[in-house]
Amino acid sequence: MTLINFLTRVHFADDVLEEALHSEMERHGKRRPLVVAEEAHLVGPIAERFFSSFPIRTQAQIYPTVARRASEAAARDIAARYRGHDCDLLIAFGSNRAMDLAKVARVAIAYDEPIAALSREEGGAQRISAALPDLYSVPGVLGFASAITDYTRVKLDAGGQAMLSSPHLIPTVTICDPSLTLGASPEETAIAAAGVLARGIDGYVALAYNPPADALALDALSRLVANVPQILTDDNLRRRREMMAAGLNSSMALQKGLCAVHAISNAVAAVTHASIDPSALGGLFIPELARAYATRGETKLSSLSRSLRLPKGQPVWVGLRKMMEDLPLPGSLHELGVERADLPSAAALAARDRAIGNAPVTLSERDILEILAAVHGGPHKALAGTA
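Here the structure is a predicted model, which means the values were calculated and not measured.

The next point concerns the packing of aromatic side chains. Counted under the stated rule, the structure contains 4 aromatic pairs. Ring plane angle 75° and centroid distance 5.0 Å describe the contact between Phe50 and Phe51, whose orientation is recorded as edge-to-face. Overall, the relative accessible area of 27% leaves Phe51 in the partly exposed class. On the basis of an interplanar angle of 85° and a centroid distance of 5.8 Å, the ring pair of Phe51 and Phe54 is categorised as edge-to-face. One aromatic cluster in this structure is built from Phe50, Phe51, Phe54 and Phe93.

Shown next, in the form of structure tokens:
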């Protein structure tokens, strides 16, 4: 078993789930966990492995009501259950949605004041402290956008949303077991690959100076390209291990800060009624974002060609578009169920997002709207005139 002590405790090895979860709970005397997981992840052989990993005399509570977006109401519900059952640990199991909700629940457990008062906009990054309850994350194939990051977004009771961000939001322990992703569908695997692509590239070109994070982003892209699309038809443990390593590294690269792909993906997810995984959105946007960066003079993109294994002289955005076309995913926002009428609202929301300011070039609301129109599947002129 390998222990990586970068940002937090990370167990990474094949079939490490049982040993890692049991040893961490024993080491810290945890016996009353509250598990946050989608219902689909609570049945089947993997779920049996997960629950059998608990130490004897463990009394686990389960919260299976995980919506597509973390909400203040759900977090308060978890907090009430946590206190009511005298729980001593949160465990997020499976998906990004479970991870995000568990992070908000940590804040709701530790603080009685409204979640909005602890948002990044209100100085929450300085106020959220180590008083949070412990959180173990056990990600599946679609868990790596949130399994080791220090932020989450939450739908507020009063309407709107808020960003929670603090180093203390990083899970106390993350358990990366590639065997948990065996048998994932081609669609789930493709969504995970799109997320790695989007996080890796946007993290690499983000303005912040962080050479280790840059190296992690490049490594994530190299591992991804070396194993996709083969992994879509060859479900073996070695390729699953490489994909999980790519997911882990792309998430750790986000220490440079969130960037444009996050701002735009979140904005679309916030305004649409369609249920969309943000990683799938990120994969749609990243070719157009790369083109926008290139046309505005961003030169750092050229150094991605080797990691992405692009033919000599091929623009990065062209290579990215080809990669996305090879994945079994919807090729447009329209196919994902996003209405054209939603695009102006999404562009306005993204332009106000602080993450947009971490992009390597300035992106105006009009620029963002053009990117959205380009991936919607319709002509740009239908949305002309928006500021």
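There is more to say, and it comes next.
On the secondary structure map, Asp88 appears in the loop between α3 (72–84) and β5 (89–94). Accessibility expressed as a relative area gives 13% for Asp88, which makes it buried. A polar atom in the side chain of Asp88 sits 3.1 Å from the backbone nitrogen of Arg31.

A separate point is unusual backbone geometry. Cis geometry marks the peptide bond from Val228 to Pro229; its omega dihedral reads 15°. As for its position among the elements, Pro229 is in the loop between α7 (211–227) and α8 (230–233). One non-glycine residue, Arg57, lies in positive phi territory at about 65°. One can find Arg57 in the loop between α2 (45–52) and β4 (61–63). Judged by its relative accessible area of 67%, Arg57 is exposed.

This brings us to the packing of helix α10 (residues 260–271) against helix α15 (residues 343–352). At a minimum axis distance of 8 Å, the contact between α10 and α15 shows a crossing angle of 135°. By the criterion of interaxial angle, the relationship of α10 to α15 is oblique. The element α10 and its partner α15 pack so that their crossing is right-handed. Of α15, the residues touching α10 (which contributes Ala263, Ile264, Ala267, Val268, Ala270 and Val271) are Ser345, Ala346, Leu349 and Ala350. Class assignment for the residues of the contact of α10 with α15 results in 9 nonpolar, 1 polar and no charged.

Below, the discussion takes up the packing of α10 against helix α11 (residues 278–295). For the pair α10 and α11, the least separation of the axes is 9 Å and the interaxial angle reads 130°. Considered as vectors, α10 and α11 are oriented oblique to each other. Crossing geometry of α10 relative to α11 is assigned as right-handed. Of α11, the residues touching α10 (which contributes Ala260, Val261, Ile264, Ser265, Val268 and Ala269) are Pro278, Leu281, Gly282, Phe285, Leu289 and Tyr293. Across the contact of α10 with α11, the residue classes break down as 10 nonpolar, 2 polar and no charged.

Thresholds, definitions, all that
Along each chain, numbering runs from 1 in the same order as the chain's sequence is written. Only residues with pLDDT of at least 70 are given local features in this predicted model, and only at 80 or more are side-chain atom pairs given and counted; all residues enter the totals for whole chains, interfaces and linings. The side-chain quantities take in all heavy atoms of the structure and omit both hydrogens and water. Pairing of aromatic rings covers Phe, Tyr and the six-membered ring of Trp, with a centre-to-centre limit of 6.5 Å; geometry is then stacked below 30 degrees between planes, edge-to-face above 60, and tilted otherwise. Burial here depends on accessible area, computed with a 1.4 Å probe over protein chains only, as a share of the maximum for the residue type. Under 20% is buried, over 50% is exposed, and the range in between is partly exposed. Helix and strand definitions here come from DSSP, where helices need a minimum of 4 consecutive H or I residues and strands a minimum of 2 consecutive E residues; each element is numbered from the N-terminal end. Distance and chemistry together define a polar contact, namely a pair of N or O atoms within 3.5 Å, with one atom able to donate a hydrogen and the other to accept it when in protein, and with adjacent residues in sequence counting only for side-chain atoms on both sides. In this analysis an axis means a line fitted to C-alpha atoms, helices contributing only their contacting stretch, and an angle means the value between N-to-C directions, from 0 to 180 degrees. Here roughly perpendicular refers to angles of 65 to 115 degrees, roughly parallel to angles under 35, roughly antiparallel to angles over 145, and oblique to all remaining angles. Left-handed is the label given to a crossing in which the near helix is rotated counterclockwise from the far helix by less than a right angle, and right-handed is the label when the rotation is clockwise. By definition in these notes, contact holds between two residues if any of their heavy atoms fall within 4.5 Å. Note on residue classes: Ala, Val, Leu, Ile, Met, Phe, Trp, Tyr, Cys and Pro are nonpolar, Asp, Glu, Lys and Arg are charged, and everything else, Gly too, is polar.

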